[in-house]
Structure formats: C-alpha cells, structure tokens
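Coordinates in review
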Amino acid sequence: MAGRRVFVSGVGGELGTLVANLLEDEPWVGSLSGIDADPPRRRLQRTTFHRISPDDHDTIVDTVTKFNPHVLVHVGVWEPDARAAPRVAAALTDQAAVSVLGAAAECRALDSIIVRSGIEIYGRGPGSLTRPDEDAPLRPTSEWGRTVADIERTAANVAERVGVTVGAVRLASVLGPHVPSPLGRLLRQPVVPFHATSDPPFAVIEHRDAARAIVAAARNQLSSPVNVVAPGAITCLHAIRRGQRIPLPLFGPQWWFARQLSHITGAPIPDHVSEALTRGRLADNGRMQALLGMTPDTSTTEVIDHLYRWPRVIRKQARVHAAEQITPDEVSA
Amino acid sequence: MPAPNPSSNSPLGRVVDFPTKRAAAVASEGATVFHRVTDEPAGHVDNWGRDAGLFRTVTMLSEIRWSVSTGGDQRLPNRKGALIVVNARRFALAAVYSAFAISRAVDRPVRFVGRPDGGPVGALAQRLGGLLDHPDEVAGALRAGELVVCSASATTRPRDVGTIDHALIGAAIRSNVDVFPAATTSSPFGRRARIEIGDATRQRQRRRGPLAEVELADHVADDLTLLLTEMGDMTTGTPLDWLPLSGLGGN
C-alpha cells in the first residue's frame, strides 16, 4: 500500500490545496503531483505542481501519463459563480474532466479514481426525496447538478473501460475561509433575501471536512458514491438571524429581481443556490462512516457560525526590527 | 487527526492570520446530536428539516384543538426506528396529532408521512417533521433510526380501517424495523383524542418477495381493527352518540 503515486487535479483551488496538504501527511502516499490553471493557495511541501490550462489536452496527457499515478483525485471542478461565470465554469469543468480522466485512462498503474461531485446531482424537482441517499435516482435540475452528473458519468465510463474503481464524493455546498462559494458570499451580504413562504432547510459542509472525506475516499479506494454532508440543517432565515443580517422576505417572482440585484452587487445567485433557498437541499450522510471511516467534525449550524466569524484580512506589523527598517530617504537614494 | 494550520508556515500566513486554531477547537467539540426533543434549542433544525422551535410552538397550539392521551408508548424502541400505522377518520389529521402526541410521550422526534411537496403547507409540514408519501423517503428515515407515523387511508366511520399502503410497509421490512399498529379515536367536535399503540405486528410466514409487505399490511389492518374494538368508541356525551353512521359512534 505504501509508496503509491497520487495525482490531484485542481490542486490550485482552496479545496484542492487542502486535499494535497492532507495527502502529504498520509503514510501510504509515496509521491504526489497536481495540476491546475492557478497556483496552489498554500505552500505544498511534497507536491509537484504543474500549471496547465484545462484546455491544453496534450500537456495534461503528457504530465499525467509521465507520472503514471495509482490514484487519481479529480477535484478540478468550477462551481458556477464561485470563481467563474456559469457558462465559463461549465466549459472549464468539462475540459478538465475530459483531459484529466482521459489522460488517466492511459496510465497502466491506475487502479482508483476519486471524483468530487455534489448533492445537487439528485435535483429538487417535484416529488424528489427530502433527504436522498446514494441510491436515489439522479435527476439534476440545475446547471451545477448536470455538470457533476456529467463528471460522474465520464469517470464511470473511463473506469469501466480500463477496469479501475471509481468513487464519487458528493459534497454539500462547501463553505470555509477563502473558499469561493456563491452561497457563502450571499449569506455574508448585509441584506440577505429569503423565501418568505417556504424558507426550506439546507445542509452544507466545511472545507476541512470535505477535504478529509476526499482523502479518506482515496485511502479506502472508494468504489461507490457517498454523500458528504454535515449533520443537521439550517434555513436561510435561521442563518440570517445567526449572522445578524437584515432579512429580506421575498414572494414568488420577486426572487428573480433579487437575483439580478444580487448579481449587480457582487454576489450572484446561480440556479443551484437559488434552488437550495427555495426548495431546500438535504442528503442522507448515513454511509459516510461505513465507506470513509469518518464523520464530519462540524455541524451545519457551526459551519454557518464560522461563516459569520471569518474576519476580514488582519494586517500584522512586519517582523523587522525598527533599526533595520529602511527609511524613505534610503529608498529614494 | 490534528487540524492543519496552513498559516503557520506559508509566507501568506505571516501577514494574514485566519482563526484556524479557534475554528479547529470549536470543530473538535463535535457536532451535537439531540436525541431528546426537550433538549433541542429553539433554533435547531435537524437532518430532515424539522425546526425544534416551530415544532414546540405548534404542538403547544395543537393542544388547544386536541387533548390526546397516549397509551402503549413503552412498546416503542428507545433508539431504533419504527413505523407506526394509525387509522384515520376523514379530515381528522390523525397522523399529525398522533406524531405530536407520541413525540411528547417518548420525548423523541416523530415524523409523519404525507406532507405535500411544495407550497407553504409543504414547507410548514416539513418544518414540523413531515415526510413525503414515498417509500424511499420513509425507508431513509427508518434507516436513520426515526419513528415514523403513517396513516391508513381515511374513512368516514371511526371503527373502520382503510387501506394501508403496502409500499410503506415494504419500506419498514427493507429497513429491518418493526411495524406497530396504533388505534386513534377523536371527535370533530371535542378536544379529547386517544392513541393506543399495540404490540409490533410480526410476519406470520417468512416471504422473500413482495408478498411479505402485502401480508404484513393485512395483519397490521387486522391488529388495528382489534385495537379499535378494545378501545370502544369516542362519545360526545350527547344524543349524537345514538345516531348510527354519524362518524361519531353509534355502532
């Protein structure tokens, strides 16, 4: 088991960097490599990083096949309106999935694929289950849900063709400090809209728990989907109260206007977030312990509390003695 | 596993300080799971979207309408899930007031089956512990160790037991939990209502196929009828009780 080669796609994102950080501490991981369009958010000690654009298929294939990983962890997905507009996000995610998973299929040593997915895959159409488990039918009703369904489908096709296991980690909305999330951004606005007549419950997951789950999936060679959701749930109005924001009750068509207004003010509400706030979004996390050997440390309510506790950037004094500081005169000289 | 502190080593960490230690300390306390309804704080929303504060308020208000006495609740499991099947009179909301009353008796959240999917009523019912009338939804709740109340189809006569949805019974069989019959009586004009939970209904013959759920549904209906007979009728104490086919007794 020891000395395995692990390849992480999307290592430049907050979640990908955290996953790579945790994998570096895993005793079974021999060498670690990762790619992304952006550099990692934190210093990685053992990971070899390659900065490659998702549409550069040839370079991705070369990099992945040269590394010849045993385990591929694919977290290179772009949530709509998190770091990119929905159309761009969908295109980037598709390009990355095709390139990385396609390249992995060419690797002889590969025996396990772990993909980051989302509970949006179940959809919230009429008659959909309140708290779907992993066996529930997949009927995505949002752009993001369809995107993660496509990733799972692509990974399953690759796995079937080359005879490896594939595990999908279906995450609830990931929130955490500096994790770009349209839901987190919306809830931190001074005035937060909520659906006055329904205000349904939704669940989230903290970025640390999400990363731990992905690492556990890689460690255990997960070969099935698993829902990763923090225990408990919260409604938008409860979240607003906890964050001491101003609630803005909305009815029916007003929601469309609120979405446009929120977009202008810098917190766009993509359709999957809108769906969560109008139809709710829960999932059954009962199989986490059995499949991953872990449960989330942080409940949904605590994640929301942390969301409102994140400070803005705190600037500290430079750690340079006063005598060593360069005066403006010296600079000009 | 210790929580990583990314800001300690990186150059970014020297100028930007995130409260990772405090967050990790809070996280290490673990997520609170409330097993007793009375322990739940007002703002708590559970895994199924049941709002503890709203539930408490509505159950308190429901006592204006129904004064329910519950019997046989000691037969229910303490931790495990169970399906409770009640008989229902038309427009009596038997599953709802039964869920409220049993929840109060056992101090555990009790779900009821049959909330609408969507609209303000559906949202309100979900916040009170309502589940969709779907076998997979019921199976999920039972597997999660929840007590779930479902009702037979509503009838006009209080001693009749309507059709029991065998698909919901099948959910209980698949989830490996017991099915309890619970007889309910209530009056449209009075506050008094009663719930008597019987012993768990067992399969009398082992079946491997779907016949098991159909047979068990029939046995539950039989047990419910017996319980209703033992309970007697709800009376108003007025000459209305003498009228047959009134929906209030008179049998």
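Everything discussed here concerns the structure shown above.
Quick look at the structure, then. It should be emphasised that the depicted structure is a prediction, and the values quoted were computed from it without experimental measurement.

Digging into the overall build of chain A
When helices and strands are counted, chain A shows 12 helices and 13 strands. Taking 20 Å as the expected radius of gyration for a compact globule of 333 residues, we find that chain A reaches 21 Å, a close match to that expectation. Each principal axis of the C-alpha distribution contributes one length, and for chain A these read about 70 × 55 × 35 Å. Considering chain A as a whole, with its 333 residues, one finds that 58% of them fall into the buried category. Long-range contacts, defined as pairs at least 24 residues apart, comprise 79% of the intrachain contacts of chain A with a sequence gap of at least 6.

Some points on the packing of helix α7 (residues 236-243) of chain A against helix α11 (residues 300-309) of chain A
Residue and element names in this part refer to chain A. The N-to-C vectors of α7 and α11 enclose an angle of 45°; their axes lie 9 Å apart at closest approach. Classed by the angle they form, the pair α7 and α11 counts as oblique. Where α7 crosses over α11, the handedness of that crossing is right-handed. Of the residues in α11, those touching α7 at A239, I240, R242 and G243 are T301, I304, D305 and Y308. Split into classes, the residues belonging to the contact of α7 with α11 amount to four nonpolar, two polar and two charged.

So, the layout of surface pockets
Residues and elements named next belong to chain B. The space that makes up the second largest pocket amounts to roughly 490 Å³. At the level of secondary structure, the elements contributing two or more residues to the lining of the second largest pocket comprise α4 (94-106), β3 (110-113), α5 (119-127) and β5 (147-151). A class-by-class count of the residues in the lining of the second largest pocket yields 18 nonpolar, two polar and five charged.

Some details on a negative patch on the surface
Residues and elements named next belong to chain A. Together, D55, D56, D58 and D62 line one region of the surface with negative charge. Within the secondary structure, D58 is located in helix α2 (residues 57-67). Relative accessible area serves as the criterion here: at 60%, D58 is assigned to the exposed category.

Describing helix α4 (residues 143-162) of chain A
An α-helical turn contains 3.6 residues, so a residue and the one three or four places further along point in the same direction. Residue and element names in this part refer to chain A. When the terminal C-alpha atoms of α4 are compared, their 29 Å separation across 20 residues agrees well with the 28 Å that a helix rising 1.5 Å per residue should span. Taken together, the buried positions of α4 are W144, G145, T147, V148, A149, I151, E152, A155, V158 and A159. On its buried face, α4 is in contact with β4 (71-74), α3 (86-104), β5 (112-118), β6 (165-171) and α9 (271-279). Immediately beyond the C-terminal end of α4, within one or two residues, lies G163, with a positive phi of roughly 70°.

A look at the pattern of salt bridges
All chains considered together, the criterion is met by 30 salt bridges over all chains. For the salt bridge of A:E26 with A:R219, the shortest nitrogen-to-oxygen distance reads 2.9 Å. With A:E26 in the loop between α1 (14-24) and β2 (29-36) and A:R219 in helix α6 (residues 207-219), the pair connects residues that are 193 residues apart, well separated along the chain. With relative accessibility at 27%, the residue A:R219 sits in the partly exposed group. One continuous salt-bridge network, built from bridges that share partners, spans A:D133, A:E134, A:D135, A:R287 and B:R143.

Definitions and cut-offs
- Residues numbered from 1 in each chain as written.
- Chains lettered and ligands numbered in written order.
- Predicted model: local features only at pLDDT ≥ 70, side-chain atom pairs only at ≥ 80, totals over all residues.
- Heavy atoms only, no water.
- Helix = DSSP H or I, 4+ residues; strand = E, 2+ residues; numbered from the N terminus.
- Rg over C-alpha atoms; globule rule 2.2 N^0.38 Å.
- Buried < 20%, exposed > 50% of the residue type's maximum accessible area, 1.4 Å probe, protein only.
- Contact = heavy atoms within 4.5 Å.
- Axes fitted to C-alpha atoms, helices over the stretch in contact; angles between N-to-C directions.
- Parallel < 35°, antiparallel > 145°, perpendicular 65-115°, else oblique.
- Left-handed = near helix turned anticlockwise from the far one by under 90°.
- Nonpolar A, V, L, I, M, F, W, Y, C, P; charged D, E, K, R; others polar.
- 1 Å grid on protein atoms, 1.4 Å probe; cavity = no way out; pocket = protein on both sides within 12 Å on 5 of 7 lines; lining within 4 Å.
- Points joined across faces, edges and corners; volume = space filled by probe spheres on them.
- Patch = residues over 30% accessible without salt bridge, like charges linked within 9 Å, V, L, I, M, F, W, Y side chains within 5 Å.
- Areas by Shrake-Rupley, 256 points an atom, 1.4 Å probe, with all protein chains shown as cover.
- Salt bridge = Lys/Arg side-chain N within 4 Å of Asp/Glu carboxyl O.
- Lys, Arg positive; Asp, Glu negative; His and termini not counted.
- Charge placed at Lys NZ, Arg CZ, Asp CG, Glu CD.
- Expected span 1.5 Å × (residues − 1).

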